[in-house]
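Chain by chain, the residues run as shown.
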Amino acid sequence: MTATPEAVQHEAWTAAIPVRLTLSASEVTTVEGPPAPLHVLLPRWSYLPSVLSRALDHFRHVLPPEVKDAVNTPWFEDDGLPIRWQQPAGVLFDLLHRGKPGVVWNVTIHFRDFPSDTLLAWEGSHSLLQTYLNSLKEAAVICSGNAAAILQMSQQSQQNLWTSVEAADLSAYQRVASSLQLSPKAKGSRPAMIPVRLHIQRSSNEYMSSYESVEYTSTPVSTASNAQEPSLLQTLQQILPHCFQPNNYKEAQRSEQATPETQEDQESSVQTGTSLGPYAALMHSSQQRFSDQYCVLVAGIKPQLQTPLMWLHATLHAPDMFLYITVIALQ
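Residues numbered from 1 in each chain as written. Predicted model: local features only at pLDDT ≥ 70, side-chain atom pairs only at ≥ 80, totals over all residues. Heavy atoms only, no water.

Next up on the list: the overall build of the protein. Within the protein one finds 14 helices and nine strands. In the protein, buried positions account for 47% of the 331 residues. For the protein, the accessible area works out to roughly 16,700 Å², and carbon and sulfur atoms hold 50% of it. (Helix = DSSP H or I, 4+ residues; strand = E, 2+ residues; numbered from the N terminus. Buried < 20%, exposed > 50% of the residue type's maximum accessible area, 1.4 Å probe, protein only. Areas by Shrake-Rupley, 256 points an atom, 1.4 Å probe, with all protein chains shown as cover.)

Here it is, written out as structure tokens:
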């Protein structure tokens, strides 16, 4: 049975990552030794800092006096790598742990010595809300041409929206988001534009030791109104042509354009369900090679590369309206 878009979206919002949160040994000030870890189920669309209040309550009895009453520089670490707090937890997990299902995410929390040379400055919980709203404004400009809907939101509406994200409450989120009308739509001669954020992990190592092996791009993807909607494969071909296109890509494309199919070719194509053109054959080979070399994840799911991008965005976009795609090298 094929899942409905509503069911897929609900599954993405209710999905959670088991997190084992351990206090850094450098923070412990008691002779009893390190406290027991804090175990939480973190919704994929929420953010790591959303566990700060629980973490402070859990570890307060062993913390230095200067951080017991004011958490001003908290940060998270994954096996020595500072974690970028401003991205959805599920995106980070896919990038750091290759989206492995059933894996407990071991995270170390610090309350001092913030690595300002690696991480975006943290100025309290309002930093996360403002970062989220700024991302939502960026997506609004891509989807509708301006951010007026976000700029005109009342503070109460902004807070209601953010509370629904933190609680992973899809129904509450939809009640607020539906009034913003941010779904990608064509306007006059302007085609619908889909906001996409792409992370490419080029290292095939089991664990990520630095961000140097990660490429990141944030880009609008056009869906021309007079053409077929682009698929995930076509989008990746556009953004990552060096991963898809074989060396003789241009020659094959010119050959196919210069040599139209004969009647026999067309009949054969219908009977076999394949296209005989050299460009199509090369692209099919390139797709297979890409699947062998890379893993593509959207919200922790491995979608088929032929899935329409618009469908993926409608069902699996993050609360900031961006479609996050993670591409991981396998070899």
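By the secondary structure assignment, Ser-231 is in the loop between β7 (214-223) and α9 (232-239). Residues contacting Ser-231, with those up to four places away along its chain left out, are Leu-305, Gln-306, Thr-307, Pro-308 and Leu-309. (Contact = heavy atoms within 4.5 Å.)

This brings us to the pairing of strand β6 (residues 192-201). Counting buried positions over the 10 residues of β6 gives 10, a clear majority of the element. With burial as the criterion, each face of β6 is covered, one bearing Ala-192, Ile-194, Val-196, Leu-198 and Ile-200 and the other bearing Met-193, Pro-195, Arg-197, His-199 and Gln-201. Both β6 and β7 contribute to a ladder of 10 bridges, which runs antiparallel. Paired with Ile-200 across the two strands is Glu-215, which belongs to β7. Where β6 lies against strand β9 (residues 323-329), six bridges are found, and the strand directions are parallel. Its bridge partner lying in β9, His-199 is registered against Thr-326. (Pairing = 2+ DSSP bridges.)

In this section: the sheet that holds strand β8 (residues 294-297). If you walk across this open sheet you meet the four strands as β7-β6-β9-β8, and the pairing is mixed. What marks the edges here is a single partner per strand, and that holds for β7 and β8. Along the sheet, successive strands turn relative to each other by an average axial angle of 20°, direction set aside. Across the sheet, helix α5 (residues 125-144) lies against β6, β7 and β9, angled at about 130° from β6, the strand it touches most. In the packing of α9 onto the sheet, the strands contacted are β6, β7, β8 and β9, and the crossing angle to β7 comes to about 120°. (Axes fitted to C-alpha atoms, helices over the stretch in contact; angles between N-to-C directions.)

Burial of the side chains of β8 extends over both faces: Tyr-294 and Val-296 are buried on one face and Cys-295 and Leu-297 on the other. The sheet contact formed by β8 and β9 spans four bridges and is antiparallel. By the bridge assignment, Leu-297 is partnered in β9 with Thr-326.

To continue, consider the nonpolar core. One finds Trp-105 and Ile-325 to be the most contacted residues of the largest nonpolar core, which totals 90 residues. Here this core gets eight residues from one element, more than from any other, and that element is α5. Among all residues touching Ile-325, those that are not within four sequence positions of it are Val-196, Arg-197, Leu-198, His-199, Leu-232, Leu-236, Val-296, Leu-297, Val-298 and Leu-309. (Core = buried A, V, L, I, M, F, W, Y, C linked by side-chain atoms within 4.5 Å.)

A sheet is described by the order of its strands in space; here five strands give the open sequence β2-β1-β5-β3-β4, paired in mixed fashion. Among the strands making up the open sheet, the edge pair consists of β2 (38-43) and β4 (81-82). Sheet strands in contact with helix α2 (residues 52-59) are β1 (16-23), β2, β3 (75-78) and β5 (105-110), and its direction is about 175° off that of β2.

You can call Ser-231 buried: its relative accessible area is 5%. Through-space distance from the C-alpha of Ser-231 to that of Thr-307 is 5.3 Å; in sequence the pair is 76 residues apart.

This part is about the packing of α5 against helix α7 (residues 155-166). Orientation of α5 relative to α7, taken along the N-to-C sense of each, is 100°, at an axis distance of 11 Å. As judged from the angle between their axes, α5 and α7 are roughly perpendicular. Counted together, Leu-128, Leu-129, Tyr-132, Leu-133 and Leu-136 of α5 and Gln-158, Gln-159, Leu-161, Trp-162 and Val-165 of α7 form the full contact between these two elements. Tallied by class, residues from the contact of α5 with α7 come to eight nonpolar, two polar and no charged. (Parallel < 35°, antiparallel > 145°, perpendicular 65-115°, else oblique. Nonpolar A, V, L, I, M, F, W, Y, C, P; charged D, E, K, R; others polar.)

Counted by the stated rule, this structure contains six aromatic pairs. When the centroid spacing of 4.8 Å and the interplanar angle of 40° are considered together, the rings of Trp-13 and Tyr-173 count as tilted. Here Trp-13 is found in helix α1 (residues 5-14), whereas its partner Tyr-173 is found in helix α8 (residues 170-177), with 160 residues between them in sequence. Taken individually, Trp-13 and Tyr-173 each receive the classification buried, so the pair is uniform in this respect. A network of ring pairs unites the aromatic residues Tyr-47, Tyr-132 and Trp-162 as a single cluster. Lying over the aromatic face of Tyr-211, Arg-84 brings its terminal NZ or CZ to 3.7 Å of the ring centre. Above the plane of the ring of Phe-322 lies Arg-197, whose end atom (NZ or CZ) is 3.7 Å from the centre. (Phe/Tyr/Trp six-rings, centres within 6.5 Å; stacked < 30°, edge-to-face > 60°. Lys NZ or Arg CZ within 6 Å of the ring centre and 35° of its normal.)

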